[in-house]
Amino acid sequence: MSLTHDAAPSPSAGRRFRAYTTKHLDELTARAGLGEADRLAVRAVATVLPFRVNSYVVDELIDWDAAPDDPIYRLVFPQADMLPETDVARMADLIRRDASRQEVNTAANEIRGRLNPHPAGQMELNVPTTGDKDPLEGMQHKYQETVLFFPKQGQTCHAYCTYCFRWAQFVGEPDLKFASGEIDHLVEYLHNHPEVTSVLFTGGDPMIMGDSVLRRYIEPLLAVETLESIRIGTKALGYWPQRFTTDPDADDTLRLFEEVVASGKNLAFMAHFSHPNEMAPALVQDAVRRIRDTGAVIRTQAPLIRTINDDSATWASMWRSHVRYGMVPYYMFVERDTGPQDYFAVPLAEAYEIFRVAFAGVSGLARTVRGPSMSATPGKVCIDGITEVAGEKVFVCHFIQARDPELVGKPFFARYDDKAAWLSDLQPALGATRFPHEQAPREDAALVGAARA
């Protein structure tokens, strides 16, 4: 691998990282042209949902002449109407009268509790246990082949996405947070569960960690023979590409990537790109090239987000740019049933049409992408089409992944509903009274679940 990079640096390429938080929010939203009342409403939303952005996003990605309608601005800045009007008014009143931190937190936590902070059974169904049935902190094991690990030092991000389904990681409430610093527990778990072939480091963003910390988590996994792939879920390419180009430990991090590949394991870099504008800076393209030069494979994914990327042309452009720079389009997700879902969600019928038109407008190399996919409690449900069967209009669906492996790949049908935005909104079609995942669990599926304990 060559650790040199020839692309012309952007103005912020060599700058040190600078984060902006809620204390900077009023100043930044004023720059976007918001009046006093709207700025207060945005601050009210930010007492409930997390806000963080950095100098690269502010200086390089946001078109301030187009703000507050610029898609990257909407991607990182809270919107006044993301929460119910009564909740916004309540929090705004607390800010206006300079209420105590305890009073603000109490009100914010009450609102958060109504926002389904841990969807899809993450707390109840996904956390594995030791032989003594004690929960293993900072780990999730939903699908038999894959374990998610939340490294303690990686549970923040270079900037927060307004749509993020992991928003509960960032609000400072320990009971809502997944995190672990015990890599030995993960290694032991993998040795005891040879069915696990892939580990996904997630957060937060694992790439917020420096090389020395990241190495402490990754190196022990290289000796686990049953492990085939290591995945890193990250938004760093979009929000801080300097992490792979000019940061002091950029070269050391890339050498670690090389070591993973040299060990015989696949290193899958799961890059979150939500809009084509995130790919525009030459610095990003340089970072992509350097990562690919290590032998890592970059796969790209994002949810479909109303007001940000809810049109086919945006997705087709994004997928084409990813292919152009050697990345593999992987997923279009449906906005999850958590946080301000009602604000960002696109109905499934509309989501399918956006996906279909975008899919039809790209070459076969970009048609590796799957979607629109819902990461729901029973598994990843893909909307394959809308058609008519025996005189009934239906959604054609299948499980890309499932808690019960027997469900994977098998088609099923749901009644067409132009307002449905999530699996729980759908009803069985063609005379069925239950979906396949609602049947009584099979004995061997129950045994799989027990084996994870």
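Calculation rules
- Residues numbered from 1 in each chain as written.
- Predicted model: local features only at pLDDT ≥ 70, side-chain atom pairs only at ≥ 80, totals over all residues.
- Heavy atoms only, no water.
- Axes fitted to C-alpha atoms, helices over the stretch in contact; angles between N-to-C directions.
- Helix = DSSP H or I, 4+ residues; strand = E, 2+ residues; numbered from the N terminus.
- Parallel < 35°, antiparallel > 145°, perpendicular 65-115°, else oblique.
- Left-handed = near helix turned anticlockwise from the far one by under 90°.
- Contact = heavy atoms within 4.5 Å.
- Nonpolar A, V, L, I, M, F, W, Y, C, P; charged D, E, K, R; others polar.
- Domains from an automatic or database assignment.
- Buried area = accessible area lost by both parts, 1.4 Å probe.
- Salt bridge = Lys/Arg side-chain N within 4 Å of Asp/Glu carboxyl O.
- Polar contact = N/O pair within 3.5 Å; in protein donor to acceptor, adjacent residues only side chain to side chain.
- Core = buried A, V, L, I, M, F, W, Y, C linked by side-chain atoms within 4.5 Å.
- Buried < 20%, exposed > 50% of the residue type's maximum accessible area, 1.4 Å probe, protein only.
- Pairing = 2+ DSSP bridges.
- Phe/Tyr/Trp six-rings, centres within 6.5 Å; stacked < 30°, edge-to-face > 60°.
- Lys NZ or Arg CZ within 6 Å of the ring centre and 35° of its normal.
- Right-handed = clockwise from strand over helix to strand, strands pointing away.

A look at the packing of helix α8 (residues 211–218) against helix α10 (residues 250–262)
Item 1. Orientation of α8 relative to α10, taken along the N-to-C sense of each, is 15°, at an axis distance of 9 Å. Judged by the inter-axis angle, α8 sits roughly parallel to α10. Every pair of crossing elements has a handedness; the one defined by α8 and α10 is right-handed. Across from D211, L214, R215 and I218 in α8, the residues of α10 making contact are D252, T253, L256, F257, E259 and V260.
Item 2. When the residues that make up the contact of α8 with α10 are grouped by side-chain class, the tally is five nonpolar, one polar and four charged.

A short note on the domain arrangement of the protein
Item 1. Domains assigned within the protein are domain 1 (19–114) and domain 2 (121–295).
Item 2. Here the C-alpha centre of domain 2 lies 28 Å away from the C-alpha centre of domain 1.
Item 3. Each partner contributes to the interface: domain 1 provides 21 residues, whereas domain 2 provides 26 residues.
Item 4. For the pair domain 1 and domain 2, the summed buried area comes to about 1800 Å², and 65% of that belongs to carbon and sulfur atoms.
Item 5. Of all residues in domain 1, R52, Y56 and L75 bury the most surface against domain 2, accounting for 36% of the area lost on that side.
Item 6. Where domain 1 touches domain 2, the interface holds zero salt bridges.
Item 7. Between domain 1 and domain 2 we count six residue pairs in polar contact (both at pLDDT 80 or more) in total.
Item 8. Listed by contribution, the elements that provide at least two residues to the side of domain 1 that touches domain 2 are β2 (53–54), α3 (55–61), α4 (71–76) and α6 (101–113).
Item 9. At five residues, the largest contribution of residues to the side of domain 1 that touches domain 2 is made by α4.

With respect to the nonpolar core
Item 1. Ranked by internal contacts, the top residues of the largest apolar core, which has 110 residues, are V53, V57, F77, L221, L237, F244 and F257.
Item 2. Sort the elements by how many residues they give to this core and helix α2 (residues 36–46) lands first, with six residues.
Item 3. Among the domains, domain 1 (19–114) and domain 2 (121–295) are the pair contributing at least three residues each to this core.
Item 4. With residues up to four places along the chain from it excluded, the contact list for V57 reads I62, I72, V76, A159 and Y239.

Let's talk about the sheet that holds strand β8 (residues 297–304)
Item 1. Overall, mixed pairing links the eleven strands, which are arranged β3-β4-β5-β6-β7-β8-β9-β10-β11-β12-β13 in an open sheet. The sheet is open, and its two edges are formed by β3 (139–143) and β13 (411–415), each paired on a single side. Recorded for the sheet is a direction-independent mean angle of 30° between the axes of neighbouring strands.
Item 2. Here helix α7 (residues 183–192) sits on the sheet and contacts β3, β4 (146–149) and β5 (198–201); the angle it forms with β4, its principal contact strand, is near 175°.

Some thoughts on the side chain of K235
Item 1. Assignment of secondary structure puts K235 in the loop between β6 (229–234) and α9 (236–239).
Item 2. A distance of 3.2 Å separates a polar atom in the side chain of K235 from the backbone oxygen of H272.
Item 3. Non-local contacts of K235, meaning those with residues more than four positions away in its chain, are made with L75, C161, D205, H272, F273, S274 and E278.

Thoughts on the packing of aromatic side chains
Given two aromatic rings, their pairing is described by the distance between the two centres and the angle made by the two planes.
Item 1. For the coordinates displayed, the defined rule picks out 19 aromatic pairs.
Item 2. Measuring from ring centre to ring centre gives 4.4 Å for Y73 and F77, while their planes differ by 10°; the resulting arrangement is stacked.
Item 3. Judged by centre distance (4.6 Å) and plane angle (25°), the rings of Y331 and F333 are stacked.
Item 4. By relative accessible area, Y331 is classed as buried at 5%.
Item 5. Linked through ring pairs, F51, W64, Y73 and F77 together constitute an aromatic cluster.
Item 6. One Lys or Arg, R367, reaches over the ring of F359 and ends 5.4 Å from the middle of that ring.

Considering the pairing of strand β9 (residues 328–334)
Item 1. Taking burial as the measure, the seven residues of β9 include six buried ones, the bulk of the element.
Item 2. Pairing between β8 and β9: six bridges, direction parallel. Note that in β9 the partner of Q301 across the bridge is Y331.
Item 3. For the crossover from β8 across helix α12 (residues 312–324) to β9, the handedness is right-handed.
Item 4. Two elements, β9 and strand β10 (residues 370–375), share two bridges in a ladder whose sense is parallel. For Y331, the partnering residue across the bridge sits in β10 and is R370.

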